Amino acid sequence: MQWLFSTVPASRTVVALLESVRDQLHWLLLALVFWLALDGWQPRLRRPQQTS
């Protein structure tokens, strides 16, 4: 990373932006999991088809 930062100074800004986006996506995923858990979401399980 030091090599990248010294070679391309603007890369420090890009890396900081990507870290910020990653952190926001982490919180969004956590909120989604809590919302689904509190909403009582049940995953659909496939039932094997019965042959007659």
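No experiment lies behind these values; they were computed from the predicted model shown. (Residues numbered from 1 in each chain as written. Predicted model: local features only at pLDDT ≥ 70, side-chain atom pairs only at ≥ 80, totals over all residues. Heavy atoms only, no water.)

Colleague: How should the pattern of salt bridges be read in this particular structure?
Modeller: Should the charged atoms of two oppositely charged side chains come close, the side chains can pair. One pass over the full model with this rule turns up one salt bridge. When the shortest N-O distance is used, the salt bridge between Arg 22 and Asp 23 registers 3.6 Å. Using a relative accessible area of 54% as the deciding quantity, one classes Arg 22 as exposed. (Salt bridge = Lys/Arg side-chain N within 4 Å of Asp/Glu carboxyl O. Buried < 20%, exposed > 50% of the residue type's maximum accessible area, 1.4 Å probe, protein only.)

Colleague: Sorry if this is basic, but what is going on with the side chain of Ser 11 here?
Modeller: For Ser 11, the position within the fold is in helix α2 (residues 11-39). Owing to a relative accessible area of 9%, Ser 11 belongs among the buried residues under this scheme. When sequence neighbours within four positions are dropped, the list of residues in contact with Ser 11 reads Leu 4 and Phe 5. (Helix = DSSP H or I, 4+ residues; strand = E, 2+ residues; numbered from the N terminus. Contact = heavy atoms within 4.5 Å.)

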